[in-house]
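If you want the building blocks of each chain, they are given just below.
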Amino acid sequence: MAVALQHVCASFFPPTAAAFRSHPLLMTLDTLPEEVLLHILGFLDPRTICVLSCVCRRLRRIASDNLLWRSRLFREMPTWECVAFNTQPGHHDVHCDAKKAYLRGSPYFNAPMLNPPLRTSLSQRLPFPFMRQTARVVLCGPGLDGAAEGMVGQCIWGQHSPFRPTGLFPGADGAGAGIGLCYGGSFYLNLIVLYRNTYALRQTPPVDTRLQTSETSLHPRIASICHLADAFIYVVDAGSVSAPATRTELQLLLSANSRRSPVLILVCHQGQPQMTCSDAASAMALETVLRPWQIRSIPTDEGPQRMGVGLQWLQQYMP
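Quick look at the structure, then. As the structure is a prediction and not an experimental result, all values here were calculated from the model. (Residues numbered from 1 in each chain as written. Predicted model: local features only at pLDDT ≥ 70, side-chain atom pairs only at ≥ 80, totals over all residues. Heavy atoms only, no water.)

1. Points about the packing of aromatic side chains
Working step 1: Here the structure, examined in full by the defined rule, presents 5 aromatic pairs.
Working step 2: Where Trp69 meets Tyr102, the ring centres are 5.5 Å apart and the plane angle is 50 degrees; that geometry is what we call tilted. Taken as a pair, Trp69 in helix α6 (residues 66-76) and Tyr102 in helix α8 (residues 98-105) lie far apart in primary sequence, 33 residues in all. Neither residue differs from the other here; Trp69 and Tyr102 are each classed as buried.
Working step 3: When the centroid spacing of 5.3 Å and the interplanar angle of 40 degrees are considered together, the rings of Phe163 and Tyr183 count as tilted. Note that Phe163 is positioned in strand β3 (residues 163-169) and Tyr183 in strand β4 (residues 178-183), a separation of 20 residues in sequence. We note that Phe163, like Tyr183, is buried.
Working step 4: Of the aromatic side chains, those joined through ring pairs into one cluster are Trp69, Trp80 and Tyr102. (Phe/Tyr/Trp six-rings, centres within 6.5 Å; stacked < 30°, edge-to-face > 60°. Helix = DSSP H or I, 4+ residues; strand = E, 2+ residues; numbered from the N terminus. Buried < 20%, exposed > 50% of the residue type's maximum accessible area, 1.4 Å probe, protein only.)

2. What to know about the sheet that holds strand β10 (residues 293-299)
Working step 1: Reading across the sheet, the 8 strands line up as β1-β10-β9-β8-β2-β5-β4-β3 and stay open at both edges, with mixed pairing between neighbours. Taken across any chain shown, the strands that pair with only one partner, and hence form the sheet edges, are β1 (82-84) and β3. Between one strand and the next, the sheet's axes are offset by a mean angle of 25 degrees, whatever the strand orientation.
Working step 2: Pairing geometry for β4 and strand β5 (residues 187-194), over 5 bridges, is antiparallel. Looking at the pairing, Gly180 lines up with Asn190 of β5.
Working step 3: Lying over the sheet, helix α15 (residues 303-317) contacts β1, β2 (135-140), β3, β4, β5, β8 (231-237), β9 (263-269) and β10, oriented at roughly 165 degrees with respect to β10. (Pairing = 2+ DSSP bridges. Axes fitted to C-alpha atoms, helices over the stretch in contact; angles between N-to-C directions. Contact = heavy atoms within 4.5 Å.)

3. Thoughts on the nonpolar core
Working step 1: Residues Ile265, Leu286 and Ile295 are the most contacted members of the largest nonpolar core, which totals 51 residues.
Working step 2: Setting aside residues no more than four positions away along its own chain, Leu286 makes contact with Leu250, Ile265, Ala281, Trp293 and Ile295.
Working step 3: Tyr183, Leu191, Met307 and Trp313 belong to the second largest nonpolar core, which has 28 residues in total. (Core = buried A, V, L, I, M, F, W, Y, C linked by side-chain atoms within 4.5 Å.)

4. Details of the pattern of salt bridges
As a working rule, side chains carrying opposite charge can pair if their charged atoms are close by.
Working step 1: Enumeration according to the criterion identifies 4 salt bridges in this entry.
Working step 2: Between Glu34 and Arg61 there is a salt bridge; the shortest N-O distance is 2.9 Å. Of this pair, Glu34 sits in helix α3 (residues 34-41) while Arg61 sits in helix α5 (residues 57-63); the two residues are 27 residues apart in sequence, bridging distant segments of the chain.
Working step 3: Its relative accessible area of 49% is what places Arg61 among the partly exposed residues.
Working step 4: When the shortest N-O distance is used, the salt bridge between Glu76 and Arg72 registers 3.0 Å. (Salt bridge = Lys/Arg side-chain N within 4 Å of Asp/Glu carboxyl O.)

What follows is the structure, given as structure tokens:
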């Protein structure tokens, strides 16, 4: 009876630290080997690992192990739906400080940085349209002629579109015209769509580009539009991310803009993504782009919603 009562009491009242130290068969986190602790930490979520690192110096050292965070980084990075110029894991960080690279790039920790809330300035709340500050956003890219061809129509007339048309605005010399949109009830923008071909040519593959006069220069009218742009949205199919023509066209468009306006790159795909955002950023050589950039992987049927979230990021870096 006494032994049974002792077992019942032990189940309700756990042994003290002194009892753990005095009993040779009882083990705590302090007494577990480091290899066993690393194996256990591999099953925990990142936030719990960070909390454990605050317990003591030994757990902090083990919870900051580079191999632990590098394996988690390589395992979860393919699931990241977006990376940006200030969250893209660098080669040096991955091999020398994987924990820093993970915490900086993971949407699990950096949701406010990658998906910031919509910011409304006083000039955008004014009641008269001619008094509002309206952003000039250029939408272009080979994806508009491919998988994301209907994205513009979905943004304007889609039933679940987060955008509201506000009117049309004229261009100059046959280029630069577009449609005014309102996003979130307070963010007004003029969307300038630069298709690579006319509608008739877009229906007949293969398509060619008419934004460029040669492989090294833009059409003068296109260059003047890009020069005044406040932001760029570049749409590309997942299958053509690695194409040299895609990189060349993007570099020419951005080189015509001296205002360091931000660029949002939408990689459109059907079904499962064919390439991670980090690999797409490397394939497009975005590390050489000296301006704020963000790349997002989006399904073709969710273009307007994902583009709206990207606009919230663009707004933070518009000149």
